[in-house]
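Chain residues, written in single-letter form:
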Amino acid sequence: MESLGLLATGFEQLAVPSRLGFLFLGVVLGLLVGVIPGVGGTTGVAILLPVTVFLEPISALVMLAGIYWGAMYGGLITSILFAVPGNPWSVAVMFDGRPLAKQGKAALAMSAGFMVSFIGALIASVLFTFFAVPFAEMALRFGPPEMFAVLLIAFGTFVGLGGAPAKALIMMAAGFLLSTVGLDVVTGRPRLTYGSITLMQGFHFVPITIGLFGVGEVLYNASERYKVKIEEMTRAAKLGLHDITEALRLTIRHFWLVVTSAVLGFVTGLLPGVGATPASFMAYGIAQRTSRHPERFGKGAVEGVMAPEAANNAAGTGSILPMLVLGIPGSPTAAILMAGVFMWGFVPGPRLFVEQPEFVWSFISSLYVANVIAVVLCLTVTPLLALMLRTPYALLAPIVVVLCIVGAYAIQNSLLDVYLVLIFGVVGFILRKLDFPLAPLVVALVLGASTEAALRQSLIMSDGSMLIFFERPISGPLAVVALLMFFLPLIQWGYRRAFRRNKAEASGAGE
Amino acid sequence: MTRLRESITLKSVEIGASVVFLLLGIFVIREGIRLGPGWGDTGPQPGFFPFSLAVLLSIGAVGVFLSALKIRETRPFFEAMEEVADLLKVGIPAAVAIIVIPWLGLYITSGVYVGLFSKWYGRFRWYESLAAAVLVPLALYFLLRYGFNIPMPMSLWYSKGLLPV
């Protein structure tokens, strides 16, 4: 319970008006940065880090934390409103968020998303506060085999979801193949580049997803305009508090889903190198699996927004933990925060807790306060944001395309990425029309590179033996879970066939 | 025109797509063989994943091809002429806007694109479109260049020092 006492001192430190002011400013800036597609937590924090140099350490740190949180909330807005997933972890949210927006329920989707982000981050902060040390030690034992097992689970949650198996297979294989283009991880040889230097940088998944979903969506809307005009649907939706109360009701109804997604997100975020993205996909997959109406997913199921959002905010909190406690940043954004910590003369690690408790605990208490500020801010602004959807199509469509260009270029200043947006926009439109499921493509693309790297590093460690995944104490159970998830649909299918056969025999014998 | 549209059936596009995927698969299989498709002594060789994934891709493509052959209905891919018209009206300006980015830069392109498109497709009045054409790049400039200093493609005139965008 000493943690509570320390947490209280942390809050005390924060209670200074100027510090709260900086926190607020940080959240606003973070929101702005998070809304710009392609720029998200990492770039946003990196850009705004120099701004904080002039402040005293605790103010600077809480402002940076505010930016970090604001950015996490901001990504939700562009995914739902414009179907432009500017952040990797916002892709899963978009699967159901965008259909909800098209049905005129954008305000509901966003309110639910914000609330659930808050709860997710809160749960993660509580876990952070009380279990910092044991979790950190677990993070230390994490190596490539564990990483591979976790990623395999992420894939497993997507198996058996979505349409015709042949088409899903093509999409997953294509996604993986796209992720292999470029220089080989282990040997450094160029793969699938066909002699082109431009292709050696590989395909970053953000331009591809922006193309598939952002531009693809614009084209899809265009093709439907003679039937359905989006502005008219959204105009019919009323603005007001009832969306927020409805979102609250839904959050309470699905409370356990939110809590499990948050815990899942926290644990995944805490593992170095993994982060919010697999967490959001896993949460989405699990939500669909455990839902009573799985067929509603992809067409506007609110749980499809709540689960990934809770997971990715919790993961965002979790990824800071190894940085602060061990000095090992679990994600690129945590690395930048760590740079900030160094800048003010502190050394993250176990000694920081002992030597500079006010600093550490103000940071931890700022996690709570920043979230409260962010969620209140977002909820008040939501109706205004939903209003944006009422912009006339002739104005909105070009703006979305421009946002897609911005998002694509912002990643790595490459014109190839901008062209990829166009190419995949057309491809995405055609695939959608032909009923090819896009989700497996995206998941394979996003997680493909890290999965292959983890697999090959593990095999190097074990000199080629696949048993390494089962021999290690942490990856063992994880690998078993992953295999179960892959074979579960097969087992279920087999069960159902046997059950039907039994029933047929019984009714046949009964005659 | 309608006859042409109706002759492009969903079935034919699906068959076409599966053939494209199959060709891609074969392409990558060749590359995979070049890189070494097997399992070396320290795990998979660089070509292993491309090869096996391309094999899976090809299998899937053949599957889709065969099931597409069985489709009986002749539903057209583009369900109505208006659909084609709207697609072209939205798609071509978007494509042009993206293609000219290296020459005109983001800010000029966005202004011209938003202005012209809203005037032509949305039939806005000229001063409304002009307002949009000025405000959108201005907002972008303020946020991206002035505010967060995120580099964006700039026009040719910028590299010659003639214009600030």
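Residues numbered from 1 in each chain as written. Chains lettered and ligands numbered in written order. Predicted model: local features only at pLDDT ≥ 70, side-chain atom pairs only at ≥ 80, totals over all residues.

### Let's talk about the overall build of chain A
Okay, step 1: Scanning chain A from terminus to terminus reveals 23 helices and 2 strands.
Okay, step 2: Compactness check: chain A gives a C-alpha radius of gyration of 23 Å against a globular reference of 24 Å for 511 residues, within 12% of the reference.
Okay, step 3: A principal-axis box enclosing the C-alpha atoms of chain A has dimensions of 80 × 60 × 60 Å.
Okay, step 4: Residues classed as buried in chain A amount to 59% of the 511 residues present.
Okay, step 5: Here the analysis covers contacts within chain A between residues at least 6 apart in sequence; of these, 81% occur between residues at least 24 apart. (Helix = DSSP H or I, 4+ residues; strand = E, 2+ residues; numbered from the N terminus. Rg over C-alpha atoms; globule rule 2.2 N^0.38 Å. Buried ≥ 20, exposed ≤ 12 C-beta atoms within 10 Å, placed from the backbone. Contact = placed C-beta atoms within 7 Å.)

### So, the overall build of chain B
Okay, step 1: Scanning chain B from terminus to terminus reveals 7 helices and 2 strands.
Okay, step 2: Tracing chain B from N to C terminus, the helices and strands come up as α-α-β-β-α-α-α-α-α.
Okay, step 3: Relative to a compact globule of 165 residues, whose C-alpha radius of gyration would be 15 Å, chain B shows 24 Å and is clearly more extended.
Okay, step 4: In chain B, which comprises 165 residues, the share counted as buried stands at 33%.
Okay, step 5: Here the contacts in chain B between residues at least 6 apart in sequence split such that 57% fall between residues at least 24 apart.

### Observations regarding the interface of chain A and chain B
Okay, step 1: At the interface, 52 residues of chain A touch 56 residues of chain B.
Okay, step 2: Considering every element that reaches the side of chain A that touches chain B, the biggest residue donor is helix H19 (residues 393-412) of chain A, with 12 residues.
Okay, step 3: A breakdown of the residues in the side of chain A that touches chain B according to their chemical character gives 38 nonpolar, 5 polar and 9 charged. (Nonpolar A, V, L, I, M, F, W, Y, C, P; charged D, E, K, R; others polar.)

### Quick word on unusual backbone geometry
Okay, step 1: Positive phi, close to 65°, is recorded for Asp435 of chain A, a residue that is not glycine.
Okay, step 2: Inspection of the secondary structure puts Asp435 of chain A in the loop between helix H20 (415-433) and helix H21 (438-461).
Okay, step 3: For Arg123 of chain B, which is not glycine, the phi dihedral falls at a positive 50°.
Okay, step 4: As for its position among the elements, Arg123 of chain B is in the loop between helix H5 (101-120) and helix H6 (126-147).

### Some words on helix H7 (residues 144-156) of chain A
Okay, step 1: Spanning 13 residues, H7 of chain A covers 18 Å between terminal C-alpha atoms, matching the ideal 18 Å at 1.5 Å per step.
Okay, step 2: Most of H7 of chain A sits inside the fold, with 13 of its 13 residues counted as buried. (Expected span 1.5 Å × (residues − 1).)

### Regarding the domain arrangement of chain B
How big an interface is tends to be reported as the loss of accessible area on association of its parts.
Okay, step 1: Segmentation of chain B into domains returns domain 1 (2-69) and domain 2 (81-159).
Okay, step 2: Put simply, the middle of domain 1 of chain B and the middle of domain 2 of chain B, counted by C-alpha atoms, are 37 Å apart. (Domains from an automatic or database assignment.)

### Things to note about the nonpolar core
Okay, step 1: With 214 residues, the main nonpolar core has Ile405 and Val421 of chain A as its most contacted residues.
Okay, step 2: Considering every element that reaches this core, the biggest residue donor is helix H6 (residues 106-140) of chain A, with 19 residues.
Okay, step 3: Residue contributions to this core reach at least three from each of two domains, namely domain 1 (2-69) and domain 2 (81-159) of chain B.
Okay, step 4: Ignoring anything within four residues of it in the chain, the contact list for Val421 of chain A reads Pro207, Ile210, Gly211, Val215, Cys404, Ile405 and Ala408 of chain A together with Ile98 of chain B. (Core = buried A, V, L, I, M, F, W, Y, C linked by C-beta atoms within 7 Å.)

### Side note on helix H18 (residues 357-387) of chain A
Owing to its 3.6 residues per turn, the α-helix brings residues three or four apart onto one side.
Okay, step 1: Along its 31 residues, H18 of chain A runs 45 Å from first to last C-alpha, staying within 8% of the 45 Å computed at 1.5 Å per residue.
Okay, step 2: The largest bend in H18 of chain A is about 45°, located at Val381 of chain A, with the proline Pro383 of chain A one to four residues further on. (Bend = angle between axes of the 7 residues up to and from the residue.)

### Structural notes on the packing of helix H4 (residues 81-99) of chain B against H5 of chain B
Residue and element names in this part refer to chain B.
Okay, step 1: Relative orientation of the contacting elements H4 and H5 amounts to 155°, with a least axis distance of 8 Å. Viewed along their axes, H4 and H5 adopt a mutual orientation that is roughly antiparallel. Contact with H4, carried on its side by Pro93, Ala97 and Ile98, involves Ile101, Thr109, Tyr113 and Phe117 of H5 and no other residues of that element.
Okay, step 2: Taken together, the residues of the contact of H4 with H5 break down into 6 nonpolar, 1 polar and no charged. (Axes fitted to C-alpha atoms, helices over the stretch in contact; angles between N-to-C directions. Parallel < 35°, antiparallel > 145°, perpendicular 65-115°, else oblique.)

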